[in-house]
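A closer look at the structure
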Amino acid sequence: MHADIVVLPGDGIGPEVTAAAVEALQFTAQRYGHTFRLREHLIGGAAIDATGEPLPAATLEACRQADAVLLGAVGGPKWSDPNAKVRPEQGLLALRKGLGLYANLRPVRPHPATLGAAPIKPHLLAGVDLLVVRELTGGIYFGQKRREADRASDLCEYSTAEIERVVRRACALARERRRHVTSVDKANVLETSRLWRDVASRVAREEFPDVTLEHQLVDSMAMHLLSRPRAYDVVVTENMFGDILTDEASMLAGSMGLLPSASLGEGRVGLYEPIHGSAPDIAGRGIANPVGAILSAALLLRHSLGLEREAACIEQAVAATLDAGILSADLAVAGQAATTAEVTTAVRDRMETGCQVAELRD
Ligand code: IPM
Ligand code: MG
């Protein structure tokens, strides 16, 4: 097949990990006879430096025309003056909003080889397999912001339609898994959460009678995510709760560097990015973990291009790489860390062997 993919390396370690994901995509294309046209555009701090804007119009337009978008990370100390007029993060938020990507999928499946890197006891982690579906284009992130001399406010707002579509997406995804959805809110305090709970209950009852829905308050969820992570299948929640809970959930996997994400809307174009940030402290040193970005490329193949076999090939190659103990500095014991390039090459080598097996089975 032919696909147009926009690549947005961004800032910090973004370009390094994106290059690794691009390598995996290019190898996939070659191996399976696809043509992927990959074109780079500016976003974040790099875009501010070049054009004054965090999301230049040309970038948004290219993304709208593309089949999928692969992103590295945005932000860094250079652009984080609290009084700055433009911030790199605005570029990412405007891109999510501009493409209508309301459902952010963040799967968390700790790998046996990295259990030791997690700060949680290994026996709690075995068998954990959860998928957080974070609402991505509403809530306090996008409500009206005000700043006066001695006060400030951020409005948190949700409409019924915004809640319905993301809960629907979460329930549909649960049907492909263990048919269990946990909806997370703060309905004992927030009006938006009471609406969220009502709408989630109705959507599940009327449209997904075969899916079990439970509600949980976000504070207790933060605790249970660590004390009984195996209890969860699909977790659906609003924008900011999802932001916070997924950083927490990443610790189940051992490192933020391992986790991919997919942001989807009604259309085919999706945005794929590792959940980690730009990590300016290690940028440019060639030691960043490329796994989150490489697994994001796998999600791109699956969700935007419908290439399940190719996606599975990358995922198996990553698993085999971790199994072989080829671990970057965020996971390895001191002195034995693999570089970004070494991990990337190891994944590629295993795609070469692993994917052949997949083809023979066809
Ligand atoms: C994330 C990030 C972003 C967010 C930032 C960079 C704006 O933390 O993708 O989780 O808050 O959504
Ligand atoms: Mg975050």
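The shown structure was predicted, so the numbers you read here are calculated from the model rather than taken from an experiment. All residue numbers refer to position in the chain's written sequence, counted from 1. Written order decides the labels, with chains lettered from A and ligands numbered from 1. Reporting in this predicted model follows two pLDDT cut-offs: at least 70 for local features of residues, and 80 or more for side-chain atom pairs to be given and counted; totals over whole chains, interfaces and linings ignore these cut-offs and use all residues. Note: side-chain values were computed over all heavy atoms of the structure, leaving out hydrogens and water.

1. A word on the site of ligand 1
Here, proximity means that at least one heavy atom of the residue falls within 4 Å of the molecule or strand. Residues in contact with ligand 1, as listed here, are Glu89, Arg96, Arg106, Arg134, Tyr141 and Asp243. We define a polar contact as two N or O atoms separated by no more than 3.5 Å, with the added condition that, inside protein, one atom must be a possible hydrogen donor and the other a possible acceptor, whereas residues neighbouring each other in sequence contribute only through side-chain atom pairs. Arg106 has a polar side-chain atom sitting 2.9 Å from an oxygen atom of ligand 1. A distance of 2.9 Å is found between an oxygen atom of ligand 1 and a side-chain nitrogen or oxygen belonging to Asp243. Classification convention: Asp, Glu, Lys, Arg as charged; Ala, Val, Leu, Ile, Met, Phe, Trp, Tyr, Cys, Pro as nonpolar; all other residues, Gly among them, as polar. Counted by class, the shell around ligand 1 contains one nonpolar, no polar and five charged residues.

2. A short note on the packing of helix 1 (residues 14-32) against helix 10 (residues 291-303)
Every angle, taken between N-to-C directions, lies between 0 and 180 degrees, and every axis is a line fitted to C-alpha atoms, over only the stretch in contact when it is a helix. The helix and strand labels rest on DSSP assignments: H or I over at least four residues marks a helix, E over at least two residues marks a strand, and numbering proceeds from the N terminus. The N-to-C vectors of helix 1 and helix 10 enclose an angle of 40 degrees; their axes lie 8 Å apart at closest approach. One element, helix 1, and the other, helix 10, form an angle in the oblique class. Seen along the crossing, helix 1 lies across helix 10 with a hand that is right-handed. Each of Val17, Ala20, Ala21, Ala24, Leu25 and Thr28 in helix 1 lies in contact with helix 10, whose residues at this interface are Ala293, Ile294, Ala297 and Leu301. The residue makeup of the contact of helix 1 with helix 10, split by class, is nine nonpolar, one polar and no charged. Any angle that is under 35 degrees is reported as roughly parallel, and any over 145 degrees as roughly antiparallel; angles of 65 to 115 degrees are reported as roughly perpendicular and all others as oblique. Handedness of each helix crossing follows the sense of rotation of the near helix against the far helix: counterclockwise by less than a right angle gives left-handed, clockwise gives right-handed. By definition, residues are in contact when any of their heavy atoms lie within 4.5 Å.

3. Points about helix 11 (residues 308-323)
The end-to-end C-alpha distance of helix 11, which contains 16 residues, comes to 22 Å, matching closely the 22 Å that a straight helix rising 1.5 Å per residue would cover. Gly325 lies just past helix 11 and shows a positive phi near 80 degrees. Between the first and last residue of a helix there are one fewer steps than residues, each counted as 1.5 Å, and that sum is the expected span.

4. Regarding the environment of Leu136
Within the element layout of this structure, Leu136 appears in the loop between strand 5 (130-135) and strand 6 (145-147). The class of Leu136 is buried, set by a relative accessible area of 0%. For the pair Leu136 and Val86, spaced 50 residues apart in sequence, the C-alpha to C-alpha distance is 20 Å. Aside from chain neighbours lying at most four places away, what touches Leu136 is Arg96, Leu101, Tyr102, Asn104, Phe142, Asn239 and Ser263. Think of it in three bands: residues with accessible area under 20% of the maximum for their type are buried, residues over 50% are exposed, and the middle band is partly exposed, with areas taken using a 1.4 Å probe on protein chains only.

5. Side note on the domain arrangement of the protein
What marks off one domain from the next here is an automatic or database domain assignment. When cut into domains, the protein gives domain 1 (1-103 + 258-362) and domain 2 (119-253). Spacing between the C-alpha centres of domain 1 and domain 2 amounts to 24 Å. Contact residues are listed per partner, giving 13 residues for domain 1 and 14 residues for domain 2. Two parts lose some accessible area (1.4 Å probe) when they are put together, and adding that loss for both gives the buried area. Around 1300 Å² of area is buried between domain 1 and domain 2 when both sides are counted, 65% of it from carbon and sulfur atoms. Area buried by domain 1 at its contact with domain 2 is led by Leu93, Lys97 and Tyr102, which between them contribute 45% of it. A carboxyl oxygen of Asp or Glu within 4 Å of a side-chain nitrogen of Lys or Arg is what we treat as a salt bridge. Joining domain 1 to domain 2, the criterion identifies zero salt bridges. At the boundary of domain 1 with domain 2, the tally comes to three residue pairs in polar contact (both at pLDDT 80 or more). Top contributing element to the side of domain 1 that touches domain 2 by residue count: helix 4 (residues 88-98), with three residues. Residue composition of the side of domain 1 that touches domain 2, by class: eight nonpolar, two polar and three charged.

6. Overview of the packing of helix 10 against helix 11
Taken N-terminus to C-terminus, the directions of helix 10 and helix 11 make an angle of 160 degrees; their axes are 7 Å apart at the nearest point. In this view, helix 10 runs roughly antiparallel relative to helix 11, as classed from their interaxial angle. The chirality of how helix 10 crosses helix 11 is left-handed. Along its contact with helix 10, which presents Val291, Ile294, Leu295, Ala298, Leu299, Leu301 and Arg302, the element helix 11 presents Glu308, Glu310, Ala311, Ala312, Ile314, Glu315 and Val318.

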